[in-house]
Amino acid sequence: MYQFPLHVLYCGVGIYNIFYWNKEIIYAIFPVYMYRFVRNINIESWRSLGSIILCVAGSEAMFADLGHFSKKSIKIAFVCLIYPVLISCYAGQAAFMSKNLHVKDFNHLSQSVPGHIRHFFIVLSLLASAVGSQATITASFSIINQCLALNCFPRAKVIHTSDKIHGQVYIPDVNWLLMILSLTVTIGFHDIAKIGNATGLAIISGMLVTTCLMSLVIALYWEKNLFLSACFLILFGFVEIMYLSACMLSFHKGAWYLVVLLSLSLTIMLAWHYGTVKKYDFDLQNKVSTEWITEYGPALGVSRIPGIGFIYTDIVTGIPAFFSHFIANLPAFHQVLIFVSFKSLPVPYVPPSRRYLIGRVGPKEYRIYRCIVRHGYCDHIRDTDDFEEEIIRSIGEFISMEDIDFESLTSPEGRMVIVGKPLPQGNALIPLHDDTDSNIGYASLTNNDSQISPVGDSYKRICAPVKNKKVRFMLPLNSPKMRECVREELQELIDARESGTAYFLGQSHLAVRDGSNFVKRFLIKTYNFCDKNCREPPVALNIPHAALVEVGMVYTI
């Protein structure tokens, strides 16, 4: 599709070659010649099937445009335009070759073009190849994006270039990787024949995988008869396996590169998926209930310190394992805790009125909340101060809504409620923008910056203050409908914000249990290597390092 102008020109050259060199070559389109070829097959002619498959290279790419054109338009374009153009182009080259069999070591594709326009066609071919490569690049972006959604590929930065088309993405890391691989193939092989062998194996492998997946679609998604699905698989699979076997005969002549690349890619994807699933399962199995803090916290001597603690976690129920690990080693946490989870939605933007889901964890007196931040693929939540302001304002609205409708918003784990719409009684918290005040965060413990008080007054001050720009809050002056308990909770939330904010992130690492088999050890080591050398986990905020607390855990599996 992208090489359409070049194909039209080659069609004209093909018609010229047919009439100039061999008019009878057009009869080769009849199936009887294919039967004679198969009847007199030998190892050399069978090997040539791997080159014949290159004739359809590029023409199948037009079916990737189903997202942009209708099926009917693509069928008409293929039958009335693409197919005749391909027949004319390759028949013309065959006519030229039939009268020039004595010539060895030449490129029949360029030699079949008349000499006075040959240089023009070479330049046009280079431009068409550059344009046609965009189909491969965009397809790679789409496939990698889907693999990232399935946790089958290491973390990469995905840029959505359109707020109307969800699948229109750009991945800089993959773009650089494709450039490196392309240069490696070109510089390493120095031979168009070897590159052609690898290309043929790639084409027929893609067709065979498509046939296998299509048979599953027929049986499972369309819910057709299994016999019909089996007939489809056998009919098309037999032809494709025949071409695949022919391409494998040229394995040592360039096709090995594709097999190596395929093995490397599958190994990385399998190891990443295995490690990600194991880590997530470990988090789910080792999360603790709210009662672990509310009931056993006082027995462990856990103290509450002034401030707000934001705990980032992927799970939306229970207490994450890394935070319980932190409490077990440092028995203190902030007077207000907020468990924050980010969830991406398949929409470009999520309006602020529907972005935050707020719920309560445990009894009211413990001041522990859960917040799920929903965002679209074009949303950018980067400013920490604005994020804190929105979270605290949303929690204030939730507290007011809970007072109005207490029974429907209360459950053992806490029902999640969408907040953001204006309340009938007005805002629960009024922001006061103050550029001169300071926000007290938490820095790392050093001998010069912080001190720990004796055990009797444990952990009154665990970190040094860090000044930062912030937005302050105050309660509305005239609110006769607000109950005293609600006012106290809101005031405690304001005081905690004034005392400072800390951010908790879990850093988990996988370790192999002694006595594990080789496959498990290899997958875990591959995952750890990719985890250390790929991009950091996608935290949606520019968290100041002085206010960041990373809690490390080692998962032995």
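Residues numbered from 1 in each chain as written. Predicted model: local features only at pLDDT ≥ 70, side-chain atom pairs only at ≥ 80, totals over all residues. Heavy atoms only, no water.

Participant: How do you make sense of the overall build of the protein when you look at a structure like this?
Facilitator: Of regular secondary structure, the protein possesses 15 helices and eleven strands. Sequence separation of 24 or more characterises 78% of the internal contacts of the protein that already satisfy a separation of 6 or more. Just so you have it, the protein exposes about 32200 Å², and 63% of that area is on carbon and sulfur atoms. (Helix = DSSP H or I, 4+ residues; strand = E, 2+ residues; numbered from the N terminus. Contact = heavy atoms within 4.5 Å. Areas by Shrake-Rupley, 256 points an atom, 1.4 Å probe, with all protein chains shown as cover.)

Participant: I would appreciate a short explanation of the pairing of strand β6 (residues 368-375) in the present structure.
Facilitator: Consecutive side chains of a regular strand alternate in pointing toward one face of the sheet and then the other. When you tally the buried positions in β6, you get eight out of eight residues, the bulk of the element. Where strand β4 (residues 332-344) meets β6, eight bridges bridge the pair, whose relative direction is parallel. Its bridge partner being in β6, F339 is matched across the sheet by R370. The sheet contact formed by strand β5 (residues 356-360) and β6 spans five bridges and is antiparallel. Looking at β6, one finds that Y356 is bridged to V373. (Buried < 20%, exposed > 50% of the residue type's maximum accessible area, 1.4 Å probe, protein only. Pairing = 2+ DSSP bridges.)

Participant: Help me understand the nonpolar core, please; the structure alone is not making it clear to me.
Facilitator: Side chains of a nonpolar character, in soluble globular proteins, are inclined to be buried together. Of all hydrophobic cores here, the largest spans 32 residues; its most connected members are I308, F310, Y312, I338, Y356, I391 and I395. Of all the secondary-structure elements, those providing two or more residues to this core are β3 (303-312), β4, β5, β6, α13 (384-404), β7 (417-419), α14 (484-499) and β10 (501-511). Per element, the largest residue contribution to this core is six residues, and it comes from α13. Those residues within four positions of I338 in sequence are excluded, and the remaining contacts are I308, G309, F310, I311, Y369, C371, I391 and I395. Among the nonpolar cores identified, the runner-up in size contains 29 residues, and V288, I293, F333 and C530 belong to it. (Core = buried A, V, L, I, M, F, W, Y, C linked by side-chain atoms within 4.5 Å.)

Participant: Looking at this structure, how should I read the sheet that holds strand β11 (residues 548-556)?
Facilitator: Reading across from one edge, β7-β5-β6-β4-β3-β10-β11 is the order of the seven strands in this open sheet, with mixed pairing throughout. Single-partner strands in this sheet number two, and they are β7 and β11. Going from strand to strand, the sheet's axes swing by 30 degrees on average, the running direction of each strand aside. Pairing of β10 with β11 involves nine bridges; the strand directions are parallel. The residue bridging H509 from the neighbouring strand is V554, located in β11. (Axes fitted to C-alpha atoms, helices over the stretch in contact; angles between N-to-C directions.)

Participant: I keep staring at α14 and nothing clicks. Help me out?
Facilitator: A turn of α-helix holds 3.6 residues, and therefore any two residues three or four places apart point the same way. Over its 16 residues, α14 extends 22 Å from the first C-alpha to the last, a length consistent with the 22 Å expected when each residue adds 1.5 Å. If you check which residues of α14 are buried, you get V486, E489, L490, L493, I494, A496 and R497. Looking straight down α14, one finds that the buried residues subtend no more than 160 degrees of arc, so they occupy a single side. Positive backbone phi, at 135 degrees, marks G500, one or two positions downstream of α14. (Expected span 1.5 Å × (residues − 1). Arc of directions from axis to C-beta.)

Participant: What exactly am I supposed to notice about the packing of aromatic side chains here?
Facilitator: Think of a pair of aromatic rings as described by two things: how far the centres are apart, and how the planes are tilted against each other in angle. For the coordinates displayed, the defined rule picks out 21 aromatic pairs. Aromatic pair W256 and Y257: ring centres 6.1 Å apart, planes at 80 degrees, arrangement edge-to-face. Ring centres 5.1 Å apart and planes at 65 degrees place the aromatic pair F326 and F504 in the edge-to-face group. Of this pair, F326 sits in helix α12 (residues 321-329) while F504 sits in strand β10, and the two are 178 residues apart along the sequence. (Phe/Tyr/Trp six-rings, centres within 6.5 Å; stacked < 30°, edge-to-face > 60°.)

Participant: What is the right way to look at the pairing of β10 in this model?
Facilitator: With four bridges connecting them, β3 and β10 associate as parallel partners. Directly across from I308, in β10, lies its bridge partner T501.

Participant: Can you walk me through the UniProt feature "transmembrane region" (unreviewed entry) in the protein in this structure?
Facilitator: Those residues carrying the UniProt feature "transmembrane region" (unreviewed entry) are residues 45-64, 76-98, 119-144, 174-193, 200-220, 226-244 and 256-275 in this numbering. Secondary structure content for residues 174-193 is 90% helix and 0% strand, while the C-alpha to C-alpha distance between its ends is 26 Å. Summarising residues 226-244: 100% helix, 0% strand, and an end-to-end C-alpha distance of 25 Å. (UniProt positions renumbered as here; feature names shortened; annotations may be inferred.)

Participant: Please clarify how the confidence of the model for the protein should be interpreted in this entry.
Facilitator: Regions with low pLDDT should not have their predicted coordinates read in detail. Of the residues in the protein, 79% reach a pLDDT of 70 or more, and the chain-wide mean stands at 78. By mean pLDDT, strand β8 (residues 430-434) is the weakest element of the protein at 63, and helix α15 (residues 518-533) is the strongest at 91. (pLDDT = per-residue confidence, 0-100.)

Participant: I would appreciate a short explanation of the pattern of salt bridges in the present structure.
Facilitator: Where charged atoms from two side chains of opposite charge approach closely, those side chains can pair. Enumeration over the complete set of coordinates arrives at seven salt bridges. Its salt-bridge partner being R535, residue D173 comes within 2.8 Å of it at the nearest N-O pair. Taken together, the residues D173 in helix α7 (residues 172-189) and R535 in the loop between α15 and β11 connect sequence positions 362 residues apart. Classification of R535 by relative accessible area gives partly exposed; the value is 37%. Across the pair R367 and E492 runs a salt bridge, and its minimum N-O distance is 3.1 Å. Of this pair, R367 sits in the loop between β5 and β6 while E492 sits in helix α14, placing them 125 residues apart in sequence. In this structure R367 comes out as buried when scored by relative accessible area, which is 13%. The network of salt bridges with common partners includes R155, K279 and D531. (Salt bridge = Lys/Arg side-chain N within 4 Å of Asp/Glu carboxyl O.)

Participant: Would you mind showing me how to read the packing of helix α3 (residues 43-52) against helix α9 (residues 226-248) here?
Facilitator: If you want to describe how two helices pack, look at the angle between their axes and the distance between the axes. Packing of α3 against α9 leaves a shortest axis separation of 7 Å and a crossing angle of 105 degrees. When the axis of α3 is compared with that of α9, the two are roughly perpendicular. Residue-level inspection shows W46, R47, L49, G50 and I52 of α3 in contact with α9, the latter providing M242, Y243, S245, A246 and C247. Here the contact of α3 with α9 is built from residues that sort into seven nonpolar, two polar and one charged. (Parallel < 35°, antiparallel > 145°, perpendicular 65-115°, else oblique. Nonpolar A, V, L, I, M, F, W, Y, C, P; charged D, E, K, R; others polar.)

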